[in-house]
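Structural characterization, general
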Protein chains: 2
Amino acid sequence: MGSIDANNGAAFATSPVAPFKPLDPEEFRKQAHRMVDFIADYYKNIENYPVLSQVEPGYLRTRLPETAPYLPEPFETILEDIQKTIIPGLTNWLSPNFFAYFPATVSSAAFLGEMLCTGFNSVGFNWLASPAATELEMVVMDWLANMLKLPKSFMFSGTGGGVLQGTTTEAVLCTLIAARDRALETIGIDNVGKLVVYGSDQTHSFFIKTCKLAGIFPCNIRIIPTTAEDNFSLSPEALHKQIQADVADGLVPLFLCVTVGTTSTTAVDPVSQLAEVANDFNVWIHVDAAYAGSACICPEFRQHLDGIERVDSLSLSPHKWLLCFLDCCCLWVKKPELMVKALNTNPEYLRNKRSESDAVVDYKDWQIGTGKRFRALRLWLIMRSYGVANLQSHIRSDIQMAKIFEGFVKSDPRFEIVVPRAFSLVCFRLNPLRMSHATYVELLNMKLLDLVNSTGRVYMTHTKVGGVYMLRFAVGATLTEDRHVYAAWELIKECADALLDGNL
Amino acid sequence: MGSIDANNGAAFATSPVAPFKPLDPEEFRKQAHRMVDFIADYYKNIENYPVLSQVEPGYLRTRLPETAPYLPEPFETILEDIQKTIIPGLTNWLSPNFFAYFPATVSSAAFLGEMLCTGFNSVGFNWLASPAATELEMVVMDWLANMLKLPKSFMFSGTGGGVLQGTTTEAVLCTLIAARDRALETIGIDNVGKLVVYGSDQTHSFFIKTCKLAGIFPCNIRIIPTTAEDNFSLSPEALHKQIQADVADGLVPLFLCVTVGTTSTTAVDPVSQLAEVANDFNVWIHVDAAYAGSACICPEFRQHLDGIERVDSLSLSPHKWLLCFLDCCCLWVKKPELMVKALNTNPEYLRNKRSESDAVVDYKDWQIGTGKRFRALRLWLIMRSYGVANLQSHIRSDIQMAKIFEGFVKSDPRFEIVVPRAFSLVCFRLNPLRMSHATYVELLNMKLLDLVNSTGRVYMTHTKVGGVYMLRFAVGATLTEDRHVYAAWELIKECADALLDGNL
């Protein structure tokens, strides 16, 4: 990887390299085939790599030159470096032994869709710039809305509509801005300091960040405590009290973030009852179902969205549990016109008859950025290649594996389930002496987690809820099979044995 | 594409489909190879498709079923539908005859990088979750900073650092929030209504949107007019006057967006002189070099970044002119700690020893969203596969083609160059009678544009600056060669002939 100074003046005003064709179709074909094999082989061998990368901070800088090469390097050299230098630094999210955070699920169909999305490189900021990108996104958003039995008020075939974004943070920011600007029209921008937003102590960390981004005063962000008795779901009574207190103080309730499947423990806030409270105060209600929303394509889980007809917006991230690869967050809104009003731009250089006819959707006004990728291809290929039947089966299979793990934990008297399992996440801890809050138990579980993860054979993470430190075993990496769950449990037990033998 | 109701209750509690393996490596290999050929063939045949899609709004909904299929469909059926249903709805951004907006450039190397990024599906929200993703991003940001001769104050190897984001809007929002929160620490959040931001009437439309998102009062967004005399660049004197007036009114100057290469005409704001003005008032200066920044890797264009050491942040989108595919926006900041302070989150479930040691970068605190793709692979593969030499050659070749087109326009007395060409965009109009602002000339050029685009053989767009409607011929689609520029000019002349014969 030789490198020389790139910008040394007039000497290179005429380039020393041959005519440059960065997209020769036959060269593209050859190299892309090679890369397909490289990736397929990575999947085939993925169990041979440590799940959690074992490198030390700064490992890469020492292995790479300080500047970009001046002349081209051969493709095979680069591939070798990926194998030798990049892969050891990966935490292998697609490993079947990845049980950390929430797994990010994938599929061949989504990969093909992403290849096409990249390949076409359609920039769908408005309809004209790529009609198929806009219209396919509208179609897949309605398809998924149908699978979730959302009311017509969220569909293009009804009175609402949906959009694909990158992350939940962006999606919620768009809805929050729509809500904020609607409220400010009434109370005036000088009163922005009166706007109050509501979440629980289990709402994802993006919520506070989003509110700050949107200029909500930090003192007006209400983080309502949850309790173990409520399984860490947001209490409608607590919300009601808080809103009433704020109104009494002359403040203006603006926005409520309801979570279906919290990040720590997959707690489900009661949508219907919370909506009943918030509707009385004209609060914009957003439901964040990033992870658990996907389960609601199965009739037996759809109850968690009961009351959805009373909320204003809903987001769900198919990159979490619908085999979609990063990044893909679905956002449905009842009143797209409010979002468009808050987010629209209309520069001369993008003006065109189609947009002015109001007959088309211009997605740039439904999102933060201007540019927009053709993300819908991934979801379309997933839905068509697998069908609803397989997608339901996939959700059920993950939950079945989580149940198996839950059974293991329950069968070993040294362990305990800390929070009842709702989906494919098991929250548990090692607690041989059945102490409840002791620092000892926390330290023991921290050590257990370190020990398990340091083997590289399994990767799990932790959380702390209601003061209790617990381990999270999140089943759902796409390649995970029963045998991986069995092996993970054996490893956890072995590590617990080692710890308890050494320490007790 | 048969489809039946997906959620009809208990009947499907046991799935009717065979065990489901969404990522079988051999199936993946087979289908991905097939898709490589599909895309390579698309590139080979791309000139056969109309550049601007000729479909009518709503075309797709009528061709697709209303709901997702319940059972899987064969891959070949889906591929056929892509050919028959999706491709006709594409505006083919990669066509060599695409001269609209700014072209979105691509390359085999970037495609391979994107395949890897997708394939690994690393979620790099913090260092631990994917050390290689974080560290490679740090490396490529420093590499590109070196290619641009940025001062060390923007590099990790110095005192700053860079991050990859999706769009300029997101990048600028992050810096604006950092600036806002720094200012509010001094003046108090109740004074948020005093913060004033500055751009010109040529600043990209994202600017006003971003300011509104961040809660800057719309009445405090200063859009300073530019003039033809200044080639539509922002005048330091005008800025100075405006800031002084605002200070005199008791307002607080917060943020200035300087553009190197405006969207309408590629005007270049004078970075150094504007910084001299703004530095006196402690204004956060951001340089948006989304398009033209890439040219600054050539020594002969680097002057446009002179004075960059005096600004606070810089963004540049390699998806525009550095062969990168969507979406990729580089953001460098001098004081990352201000951005991290404004954007950081620290939920228990993401806590880890590495992050707490402060020895690592956690990119979630440098961006809007939590999740983060391994975008650095694309840039890394581009820089290594082509070397700085080829990338410079690519910039120069586009500019050379634009010069050819400029020459054609100048050689035909019926046409005129409206704004001097700076990079690879030519702003021109048909004006046979040399009238200056007449509605007739505007209508004539609108008709000419419609006529050219309706052939499907070329796609151009327009803008209106200083009251003048003009056509934009933006050279730079990756497959464009001299012959496409010649043919485009012949077509434009033919259309002009037809128009003038019929109308004059």
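Being a predicted model, the structure only gives us computed values, none of them experimental.

Conventions adopted
- Residues numbered from 1 in each chain as written.
- Chains lettered and ligands numbered in written order.
- Predicted model: local features only at pLDDT ≥ 70, side-chain atom pairs only at ≥ 80, totals over all residues.
- Heavy atoms only, no water.
- Helix = DSSP H or I, 4+ residues; strand = E, 2+ residues; numbered from the N terminus.
- Rg over C-alpha atoms; globule rule 2.2 N^0.38 Å.
- Buried < 20%, exposed > 50% of the residue type's maximum accessible area, 1.4 Å probe, protein only.
- Contact = heavy atoms within 4.5 Å.
- Areas by Shrake-Rupley, 256 points an atom, 1.4 Å probe, with all protein chains shown as cover.
- Lys, Arg positive; Asp, Glu negative; His and termini not counted.
- Charge placed at Lys NZ, Arg CZ, Asp CG, Glu CD.
- Axes fitted to C-alpha atoms, helices over the stretch in contact; angles between N-to-C directions.
- Parallel < 35°, antiparallel > 145°, perpendicular 65-115°, else oblique.
- Nonpolar A, V, L, I, M, F, W, Y, C, P; charged D, E, K, R; others polar.
- Core = buried A, V, L, I, M, F, W, Y, C linked by side-chain atoms within 4.5 Å.
- Buried area = accessible area lost by both parts, 1.4 Å probe.
- Salt bridge = Lys/Arg side-chain N within 4 Å of Asp/Glu carboxyl O.
- Polar contact = N/O pair within 3.5 Å; in protein donor to acceptor, adjacent residues only side chain to side chain.
- Phe/Tyr/Trp six-rings, centres within 6.5 Å; stacked < 30°, edge-to-face > 60°.
- Lys NZ or Arg CZ within 6 Å of the ring centre and 35° of its normal.
- Least-squares fit on C-alpha atoms with pLDDT ≥ 70 in both.
- UniProt positions renumbered as here; feature names shortened; annotations may be inferred.
- Pairing = 2+ DSSP bridges.
- Disulfide = S-S within 2.5 Å.
- Expected span 1.5 Å × (residues − 1).

1. As for the overall build of chain A
When helices and strands are counted, chain A shows 14 helices and 11 strands. The C-alpha radius of gyration computed for chain A amounts to 25 Å, which stays within 12% of the reference 23 Å derived for 504 residues, consistent with globular compactness. Burial analysis of chain A (504 residues in total) assigns 66% to the buried set. Contacts in chain A between residues at least 24 apart in sequence constitute 75% of all its contacts with a sequence separation of at least 6. Working note: accessible area of chain A is about 16,100 Å², and carbon and sulfur atoms make up 52% of it. For chain A, the separation between the mean place of its 45 positive charges and that of its 54 negative charges on side chains is 2 Å.

2. Comments concerning the packing of helix α5 (residues 168–187) of chain A against helix α10 (residues 336–343) of chain A
Residue and element names in this part refer to chain A. In the contact formed by α5 and α10, the axes pass within 8 Å of each other and the chain directions differ by 85°. Relative to α10, α5 is oriented roughly perpendicular. Packed against α5, whose contacting residues are Cys-174, Thr-175, Ile-177, Ala-178, Asp-181, Arg-182 and Glu-185, the element α10 presents Leu-338, Met-339, Lys-341, Ala-342 and Leu-343 at the interface. For the contact of α5 with α10, the per-class residue count stands at 7 nonpolar, 1 polar and 4 charged.

3. A look at the nonpolar core
If you look at the biggest cluster of nonpolar residues, it comprises 268 residues, and the most contacted ones within it are Ile-82, Trp-332 and Phe-374 of chain A together with Ile-82, Trp-332 and Phe-374 of chain B. Apart from the residues within four sequence positions on either side, Trp-332 of chain A is in contact with Met-141, Leu-144, Ala-145, Leu-148, Leu-150, Phe-154, Gly-161, Gly-162, Asp-312, Ser-313, Leu-314 and Leu-316 of chain A. Formed by 78 residues, the second largest nonpolar core is a distinct cluster that contains Leu-173, Leu-184 and Phe-207 of chain A together with Ile-221 of chain B.

4. Considerations on the interface of chain A and chain B
Listed as interface residues are 171 residues of chain A and, on the opposing side, 170 residues of chain B. The junction of chain A with chain B conceals about 15,100 Å² of combined surface from both sides, 65% of it contributed by carbon and sulfur atoms. Three residues stand out in chain A for area buried against chain B, namely Leu-23, Tyr-349 and Arg-384 of chain A, and they jointly supply 6% of the buried area on that side. Summed over the shared surface of chain A and chain B, the number is 20 salt bridges. For the salt bridge of Arg-29 of chain A with Asp-41 of chain B, the shortest nitrogen-to-oxygen distance reads 2.8 Å. Here the side of chain A that touches chain B takes 17 residues from helix α1 (residues 25–44) of chain A, the largest share from any one element. By residue class, the composition of the side of chain A that touches chain B is 93 nonpolar, 43 polar and 35 charged.

5. Let's talk about the side chain of Ser-95 of chain A
Residues and elements named next belong to chain A. Note on placement: Ser-95 falls in the loop between α2 (75–86) and α3 (108–120). The class of Ser-95 is buried, set by a relative accessible area of 1%. Polar side-chain contacts of Ser-95 include one of 3.0 Å to the backbone nitrogen of Asn-97. Among all residues touching Ser-95, those that are not within four sequence positions of it are Ile-46, Val-51 and Ala-477.

6. Description of the pattern of salt bridges
Summed over all chains, the structure comprises 68 salt bridges over all chains. A salt bridge links Arg-414 of chain A to Asp-497 of chain A; the shortest N-O distance between them is 2.5 Å. You can see Arg-414 of chain A sitting in the loop between α12 (376–411) and β8 (415–419) and its partner Asp-497 of chain A sitting in helix α14 (residues 482–503), a full 83 residues away along the chain. For Arg-414 of chain A, a relative accessible area of 21% puts it in the partly exposed group. Shared partners join several salt bridges into a network, and the residues in it are Glu-114, Arg-373 and Arg-378 of chain A together with Glu-114, Arg-373 and Arg-378 of chain B.

7. Remarks on the packing of aromatic side chains
All names here are of chain A. Across all of its chains, the model carries 58 aromatic pairs over all chains by this definition. Relative to Phe-473, the ring of Phe-99 lies with its centre 4.1 Å away and its plane at 20°, an arrangement referred to as stacked. You can see Phe-99 sitting in the loop between α2 and α3 and its partner Phe-473 sitting in strand β11 (residues 468–474), a full 374 residues away along the chain. The exposure class assigned to Phe-99 is buried, which follows from its relative accessible area of 0%. An aromatic cluster is built from Phe-99, Phe-405, Phe-408, Phe-415, Phe-428, Phe-473, Tyr-486 and Trp-489, whose rings are joined through pairwise contacts. Against the face of Tyr-363 rests Lys-372, its NZ or CZ located 4.7 Å from the ring centre.

8. Here's the deal with the relation of the copies chain A and chain B
A rotation about an axis combined with a shift along that same axis relates the two copies of the chain. Note on the identical chains: chain A maps onto chain B by a rotation of 180° and an axial translation of 0.0 Å, with an RMSD of 0.0 Å. The transformation relating the two chain copies, once decomposed into turn and shift, fits a two-fold axis. Both copies present the same face, since 99% of the interface residues in chain A are matched by interface residues at the equivalent positions in chain B.

9. Digging into the UniProt feature "modified residue: N6-(pyridoxal phosphate)lysine" (unreviewed entry) in chain A
Residues and elements named next belong to chain A. In the numbering used here, UniProt assigns the feature "modified residue: N6-(pyridoxal phosphate)lysine" (unreviewed entry) to Lys-320. In this structure Lys-320 comes out as partly exposed when scored by relative accessible area, which is 22%. Here Lys-320 is in contact with Phe-102, Pro-103, Ala-104, Thr-105, Ala-290 and Tyr-291, once residues within four sequence places are set aside.

10. Topic: the sheet that holds strand β9 (residues 425–430) of chain A
All names here are of chain A. The sheet built from 4 strands is open, its strands ordered β8-β9-β11-β10 with antiparallel pairing. Because the sheet does not close on itself, it has two edges, and the strands there are β8 and β10 (461–465). Put simply, the sheet's adjacent strands are angled 45° from each other on average, direction ignored. Where β8 meets β9, 4 bridges bridge the pair, whose relative direction is antiparallel. What sits directly across from Val-419, in β9, is Cys-427. In the packing of α12 onto the sheet, the strands contacted are β8, β9 and β11, and the crossing angle to β9 comes to about 15°.

11. Thoughts on the pairing of strand β11 (residues 468–474) of chain B
Side-chain direction in a regular strand flips from residue to residue, so the side chains alternate between the two faces of the sheet. Residue and element names in this part refer to chain B. Among the 7 residues that make up β11, 7 are buried, leaving the element largely enclosed by the rest of the structure. Here β11 shows a buried face lined by Val-468, Met-470, Arg-472 and Ala-474 and a second buried face lined by Tyr-469, Leu-471 and Phe-473. The pairing of strand β9 (residues 425–430) with β11 spans 4 bridges and is antiparallel. Looking at β11, one finds that Leu-425 is bridged to Ala-474. Here strand β10 (residues 461–465) pairs with β11 via 5 bridges, running antiparallel. By the bridge assignment, Thr-463 is partnered in β11 with Met-470. As consecutive antiparallel partners, β10 and β11 are separated by 2 residues, and within that stretch Gly-466 has a phi angle of approximately 55°, a positive value.

12. Overview of the state of the cysteines
Evaluated as defined, the whole model comprises 0 disulfides over all chains. With no disulfide of its own, Cys-330 of chain A lies closest to Cys-328 of chain A among cysteine sulfurs, the gap being 4.9 Å. The thiol sulfur of Cys-174 of chain B is not disulfide-bonded, and the nearest other cysteine sulfur, from Cys-329 of chain B, lies at 9.7 Å. Exposure remark for Cys-174 of chain B: the relative accessible area of 0% places this residue in the buried category.

13. A closer look at the sheet that holds β10 of chain B
Residues and elements named next belong to chain B. Reading across the sheet, the 4 strands line up as β8-β9-β11-β10 and stay open at both edges, with antiparallel pairing between neighbours. In this open sheet, the two edge strands, each paired with only one partner strand, are β8 (415–419) and β10. Each neighbouring strand pair of the sheet contributes to a mean axis angle of 45°, computed without reference to strand direction. Sheet strands in contact with helix α12 (residues 376–411) are β8, β9 and β11, and its direction is about 15° off that of β9. Helix α13 (residues 439–454) rests against β8, β9, β10 and β11 of the sheet, and its axis sits at about 30° to β11.

14. Things to note about the side chain of Thr-175 of chain A
As for its placement among the helices and strands, Thr-175 of chain A is situated in helix α5. Excluding residues within four positions of it along the chain, Thr-175 of chain A makes contact with Phe-255, Trp-284, His-286, Ser-313, Leu-331, Val-333 and Met-339 of chain A.

15. Comments concerning the pairing of strand β4 (residues 252–259) of chain B
Residues and elements named next belong to chain B. When you tally the buried positions in β4, you get 7 out of 8 residues, the bulk of the element. Direction of pairing for β4 relative to strand β5 (residues 284–288): parallel, over a ladder of 5 bridges. Bridging from a neighbouring strand, Val-258 pairs with Val-287 of β5.

16. Regarding α13 of chain B
Working note: α-helix, 3.6 residues per turn, so residues spaced by three or four point in the same direction. In this model α13 of chain B runs 22 Å from its N-terminal to its C-terminal C-alpha over 16 residues, within 8% of the 22 Å that 1.5 Å per residue would give. Directly beyond the C-terminal end of α13 of chain B, a positive phi value near 75° is found at Gly-456 of chain B.

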